[in-house]
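Observations on the model geometry
What follows is each chain in one-letter form.
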Amino acid sequence: MAEARTTATGRAAKPAAAPAAFEVPPPGKDPFDIDEVFRLLRRAVAHLPKAAMFDLRDRGYGSPFEQLVSALISARTRDETTIPVCLRLFAAARTPEAMAALPDEEIVRLLHGATFPEPKARDIRTLSASIAAAGGRVPDTAEELMTLRGVGPKIAALTLGVGFGKPAISVDIHVHRIVNRWGYAAAATPERTMQALARVLPERYWIEINERLVPFGKFVCTGECPRCGSCPLVRQCRQVGVTAPREA
Ligand code: SF4
């Protein structure tokens, strides 16, 4: 019997099925094998800078609260900025109680360099106060997380996946672009890509896909002129919509 699953937002998902485009590979391409794709991806990104949330986790800032705050700071902020900003903020406060006790102006000062520091500081202090009032428990469902100020589906999925280790797919612009180029999804928005992935991607890769595709998207499968000429996935990838690949 097919495994019953839910999407990253908790809705019922259809059983996994192979995308039709992969049943018969086009000339010059191999059958799409997601296990082989992840093996190749791990090797391809092994020496690249890690995605911010995973970098922070590996530095010891992997608690659900720290991941929630980091994900909020990372919105529309480059990883190279997010990491030092989070380290500076967590040097001042690492718990909901300590964060809620910081004045907004102090959080704004600590967020210097991140985008939208004032609204993000308000969101961080408000959600910290809510969590502190609930005894310090960070919600562990997407629905509950999204009741917190400033938290949307992507932040909720990162918190669940990286902070709690619960299967959740976080689709940022890199994940969205790359899986659509593969032909593994055919979706116009990151939200629809997340729903498509929840139907076809084995659950064991739900957290890892963000970890691998963020660096892969920055350095290999870039937004403009992807490096198809030297890409280890070129025989698996259907290169949907790629018109100007780089040779190397
Ligand atoms: S072959 Fe090109 S489009 Fe496909 S994953 Fe590699 S770089 Fe991206």
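Above this text you will find the structure in question.
Here is a short report on the structure shown in this document. Remember, predicted model here, so these are calculated numbers, not experimental data. (Residues numbered from 1 in each chain as written. Predicted model: local features only at pLDDT ≥ 70, side-chain atom pairs only at ≥ 80, totals over all residues.)

**Quick look at the nonpolar core**
M53, L72, C86, L111, I169 and L197 are the most contacted members of the largest nonpolar core, which has 68 residues in total. Two domains each put at least three residues into this core: domain 1 (20-48 + 169-230) and domain 2 (52-164). Contact partners of L72, with chain neighbours within four places excluded, come to K120, D123, I124, G150, V151 and I155. (Core = buried A, V, L, I, M, F, W, Y, C linked by C-beta atoms within 7 Å. Buried ≥ 20, exposed ≤ 12 C-beta atoms within 10 Å, placed from the backbone. Domains from an automatic or database assignment. Contact = placed C-beta atoms within 7 Å.)

**Some details on the environment of C231**
Within the element layout of this structure, C231 appears in the segment after α12 (208-219). On the basis of neighbour count, C231 is assigned to the buried category, with 20 C-beta atoms found within 10 Å. C-alpha of C231 to C-alpha of F216: the two residues are 15 residues apart in sequence and 9.8 Å apart in space. When near neighbours in sequence (up to four residues on either side) are disregarded, C231 contacts V220 and C221. (Helix = DSSP H or I, 4+ residues; strand = E, 2+ residues; numbered from the N terminus.)

**Re the site of the ligand**
Taken together, the neighbourhood of the ligand is formed by 14 residues, with C221, P226, C228, C231 and C237 sitting nearest. Of the residues assigned to the shell around the ligand, the class counts are 11 nonpolar, 1 polar and 2 charged. (Near = placed C-beta within 6 Å. Nonpolar A, V, L, I, M, F, W, Y, C, P; charged D, E, K, R; others polar.)

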